[in-house]
Amino acid sequence: REARSLLRFVCTPEGAAILDASGHAPGRGIYVCCDVVCLRKALKPAKLAFALKRPVMAPDFDTVYQEVRRLLYKRLRTCLSLGQKAGAIVSGYVPLRQAFAQARVLYLILAEDIATGRAEEYHSWCTQHSVPYVTLFTKEELGHIIGKPSRSAVGLTAPHFLKLLLARLTSLERLQTAYNRA
């Protein structure tokens, strides 16, 4: 896998293993996939000590999970923000309806707090046009991410941004699903 799709952990001078959110912290690092099973295995003290070639204090798994979740949400927000700047996102009821009619929407993100009637309408559009969708963020967050007032939904219209977004969504989904099962 590409290093940028993985999580990097480094050892502090005090011997604590920490998540390297920037991916550029100094020192020996280890890369782990965004999967709960991989994280649990990699964060065992013996595995960390072996990989980092020194004694290490392993972090609390629940704390690491929350940090990783925040990091993945941040990466997702960055991707959406870039997509808006590049003109690869459509938002607002009328522009979305037009984009669906023109078969330009490749993926839809719905807000978590969307009105039931509007959600059913968007689900119907997605079903009619075979467009996958996900429910993430609140309307306020979704609007803020793309530099607009609150938004119920945003549609992605550019394949390259969709690929980037799906990689981030897949990582987040895998992480949350496995954590909720455990």
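Chains are numbered independently. Their residues run from 1 in the order of the written sequence. Given that the model is predicted, a residue must reach a pLDDT of at least 70 before its local features are reported, and side-chain atom pairs must reach 80 or more before they are shown or counted; all residues, however, enter totals for whole chains, interfaces and linings. Each side-chain value is worked out from all heavy atoms of the structure, with water and hydrogens disregarded.

1. So, a negative patch on the surface
- On the surface, E112, D113, E140 and E141 cluster together to form a negatively charged patch.
- In DSSP terms, a helix is any run of H or I states spanning at least four residues, a strand is any run of E spanning at least two, and both are numbered starting from the N terminus. Along the polypeptide, D113 turns up in the loop between strand 5 (107–110) and helix 5 (116–129).
- Only protein chains enter the accessibility calculation, which uses a 1.4 Å probe; a residue whose area is less than 20% of its type maximum is buried, one above 50% is exposed, and one in between is partly exposed. On the accessibility criterion, D113 (40% relative accessible area) is partly exposed. Each patch is built from salt-bridge-free residues with over 30% relative accessible area, joining like charges within 9 Å and nonpolar side chains (Val, Leu, Ile, Met, Phe, Trp, Tyr) within 5 Å. To measure how exposed things are, a 1.4 Å probe is used in the Shrake-Rupley method; for residues, cover is taken only from the protein chains shown. Here a salt bridge means any side-chain nitrogen of Lys or Arg lying within 4 Å of a carboxyl oxygen belonging to Asp or Glu. In this tally Asp and Glu are treated as negative and Lys and Arg as positive; neither His nor the chain ends contributes. By convention, the point assigned to a charge is CZ for Arg, NZ for Lys, CD for Glu and CG for Asp.

2. Here we look at the pattern of salt bridges
- Counted under the stated rule, the structure contains 2 salt bridges.
- Two residues, R8 and D20, come together in a salt bridge whose shortest N-O distance is 2.6 Å. Of this pair, R8 sits in strand 1 (residues 7–11) while D20 is found in the loop between strand 2 (17–19) and strand 3 (29–32), placing the two residues 12 residues apart along the sequence.
- Across the salt bridge formed by R118 and E121, the nearest N and O atoms sit 3.8 Å from each other. Linking R118 with E121, this pair stays in helix 5, spanning 3 residues, or about one helical turn.
- By relative accessible area, which is 27% here, E121 ends up partly exposed.

3. Describing the nonpolar core
- In this structure, F9, L39, L80, I109, L136, L156 and L165 are the most contacted members of the largest nonpolar core, which totals 46 residues.
- Looking at this core element by element, the count peaks at 10 residues for helix 3 (residues 61–85).
- We call two residues contacting when some pair of their heavy atoms lies within 4.5 Å. Setting aside residues no more than four positions away along its own chain, L39 makes contact with L7, F9, V32, C33, F61, V68 and L175. The set of buried Ala, Val, Leu, Ile, Met, Phe, Trp, Tyr and Cys residues whose side-chain atoms join them within 4.5 Å is what this entry labels a nonpolar core.

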